[in-house]
Amino acid sequence: MKYTVLLWPHANPRYRAEAHRLAFSELSVMLSKIAPDVVIEQTETAGIPSLELTAAESLRENAVDAVRRMSLTYGLFGNDNGALTPVAGRQDCKLGEDLPGILKYKGKTNELFTQLLMNVALYSGTFTAPDSNIALLDPMCGRGTTLFNAVNMGWDAVGADLDRTGLKEGETFFKRYLEYHRVKHETKTGSLTVQGGKPAPFTKFTFADTAEHFKQKQTTSLTFAMTDAKHAREAFGKNRFHLIVCDLPYGVQHAGHGDGVERLVGDVAANWRGALIPGGTVAVSFNAQTLKRDRVRARLAEGGLTPLEGGFYDGFEHWVEQAVTRDLVIARKDK
């Protein structure tokens with residue numbers, strides 16, 4: 001059986017070829033876990049970037065679901081000698097497709113790349129049910145792009161940051177979004193206690209797609225907390241999260257800042273490991289012009305995590321702009 005996945009063509013022509021290659025690596029990691037016999041090739045269909053899948057039999061439901069949730073999927077089609085038959089579109093968003101992209105600010109990570117980072121993290125873990133009870137932490141969440149992607153997947157999301165202004169902007173935007181779309185929700189504020197007795201104020205949104213589901217407590221939650229990334233385990237609990245997903249500071253403005261980011265990874269690695277469930281994963285992206293992949297892997301390994309390397313895991317480095325070449329590293333908690 002042959003299938004074609006049509007991809008969203010990126011608006012930036014210089015990034016378009018990179019996005020095509022990234023989609024290939026992303027889907028390769030995803031399907032290597034659940035459909036390892038499927039062969040994936042980069043192709044073009046009538047000038048549209050695409051991936052061709054070749055399988056011995058029809059794709060199973062979990063493989064179709066993986067294609068649907070891939071970051072750049074436009075649609076999945078059966079390919080019968082060049083005649084394309086629609087099979088599935090993009091995964092439905094729990095709140096709204098526009099949610100991660102509306103809020104604009106300097107330094108924002110592209111929401112499609114964020115989804116890629118989350119997908120690679122998800123399919124690199126040892127758990128097998130991507131739609132059930134997934135908990136995600138972004139320990140440097142900014143205004144919440146990763147969190148918004150997570151709740152659109154139906155996951156519970158927690159974000160931490162020390163930037164009070166950014167957190168407040170994310171909170172205000174999300175509350176207005178829920179109200180505008182008349183999503184049944186409640187808001188809770190409070191304070192956590194972390195190392196040294198310092199308070200960590202938080203705002204937690206709990207919501208559901210219908211009033212009846214809200215009443216039955218079939219809900220999803222999103223939390224913003226003002227605390228340091230190195231206090232994740234103390235603030236939120238041991239063995240709490242399936243995924244920790246983070247876009248590290250890029251260090252563009254200050255020469256040599258990559259050394260500081262490397263130290264930061266070393267400082268937080270053991271703490272993040274404690275916050276993960278066994279089999280959970282850490283996914284970090286970073287500027288490869290100031291920080292090298294092997295150094296990130298080494299710091300995470302020193303914290304007791306197992307970096308995943310070789311093959312498709314070495315295929316994510318890509319150009320973003322003159323001063324930024326982005327890469328990512330995945331590491332798993334094996335015990």
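A brief look at the structure comes next. (Residues numbered from 1 in each chain as written. Predicted model: local features only at pLDDT ≥ 70, side-chain atom pairs only at ≥ 80, totals over all residues. Heavy atoms only, no water.)

A few points about the overall build of the protein
Looking only at helices and strands, one finds 10 helices and 15 strands in the protein. Computed over C-alpha atoms, the radius of gyration of the protein comes to 20 Å, within 12% of the 20 Å expected from 2.2 N^0.38 for 335 residues, which places it in the range of a compact globule. Over its C-alpha atoms, taken along the principal directions, the protein stretches across nearly 65 × 50 × 40 Å. A buried classification covers 53% of the 335 residues belonging to the protein. Look at the contacts in the protein between residues 6 or more apart in sequence, and 70% of them connect residues 24 or more apart. Here the protein displays about 15,600 Å² of accessible surface, and carbon together with sulfur accounts for 49% of that area. Taking the 40 positively charged and 39 negatively charged side chains of the protein as two groups, their mean positions are separated by 6 Å. (Helix = DSSP H or I, 4+ residues; strand = E, 2+ residues; numbered from the N terminus. Rg over C-alpha atoms; globule rule 2.2 N^0.38 Å. Buried < 20%, exposed > 50% of the residue type's maximum accessible area, 1.4 Å probe, protein only. Contact = heavy atoms within 4.5 Å. Areas by Shrake-Rupley, 256 points an atom, 1.4 Å probe, with all protein chains shown as cover. Lys, Arg positive; Asp, Glu negative; His and termini not counted. Charge placed at Lys NZ, Arg CZ, Asp CG, Glu CD.)

A look at the environment of A235
Relative to the helices and strands, A235 is located in helix α8 (residues 232-236). A relative accessible area of 11% means that A235 is categorised as buried. Taking the C-alpha atoms as reference points, A235 and Q195, separated by 40 residues in sequence, lie 8.4 Å from one another.

So, the packing of aromatic side chains
Each aromatic ring pair is summarised here by two numbers: the centre-to-centre distance and the angle between the ring planes. Scanning the model with the defined rule gives nine aromatic pairs in all. Aromatic pair W8 and Y74: ring centres 5.0 Å apart, planes at 90°, arrangement edge-to-face. Placement of W8 in the loop between β1 (2-7) and α1 (13-34) and of Y74 in strand β4 (residues 73-80) is noted, with a sequence separation of 66 residues between them. By relative accessible area, which is 45% here, Y74 ends up partly exposed. One residue, R326, lies across the ring of F113, its end atom 3.9 Å from the ring centre. (Phe/Tyr/Trp six-rings, centres within 6.5 Å; stacked < 30°, edge-to-face > 60°. Lys NZ or Arg CZ within 6 Å of the ring centre and 35° of its normal.)

Structural notes on the nonpolar core
Formed by 68 residues in total, the largest nonpolar core has its most connected members in L51, L53, L59, W155, L222 and L243. In this structure, L53 is in contact with M1, K2, Y3, V5, L27, V38, V39, I40, L59, V67 and L76, ignoring residues within four places of it in sequence. Grouped together as the second largest cluster of nonpolar side chains are 33 residues, A160, V194, F236 and V296 included. (Core = buried A, V, L, I, M, F, W, Y, C linked by side-chain atoms within 4.5 Å.)

Examining the environment of V151
With respect to the secondary-structure elements, V151 resides in helix α5 (residues 145-152). It is 16 Å that separates the C-alpha atoms of V151 and F113, two residues lying 38 residues apart in sequence. Other than its neighbours up to four places away in sequence, V151 contacts K94, L95, L99, A157, F207, T220, S221 and L222.

Let's talk about the side chain of N152
For N152, the location among the structural elements is in helix α5. At a separation of 2.8 Å, a polar atom in the side chain of N152 contacts the main-chain carbonyl oxygen of G96. Leave out the neighbours within four places in its chain, and N152 touches D92, C93, K94, L95, G96, E97, L99 and P100. (Polar contact = N/O pair within 3.5 Å; in protein donor to acceptor, adjacent residues only side chain to side chain.)

Some thoughts on the pattern of salt bridges
The tally for this structure, following the rule as stated, stands at 16 salt bridges. We note a salt bridge from E18 to R21, for which the minimum N-O separation is 2.6 Å. In this pair, E18 and R21 both sit in helix α1, three residues apart, roughly one turn of the helix. Between R332 and D334 there is a salt bridge; the shortest N-O distance is 2.8 Å. One salt-bridge network, held together by shared partners, links R293, R297, E309, D314, E317 and D327. (Salt bridge = Lys/Arg side-chain N within 4 Å of Asp/Glu carboxyl O.)

Some details on the pairing of β4
When you tally the buried positions in β4, you get six out of eight residues, the bulk of the element. One ladder, built from five bridges, connects β1 with β4; its direction is antiparallel. Looking at β4, one finds that T4 is bridged to F77. What sits between β4 and strand β5 (residues 83-89) in their antiparallel hairpin is a turn of two residues, with N81 showing a positive phi close to 55°. (Pairing = 2+ DSSP bridges.)

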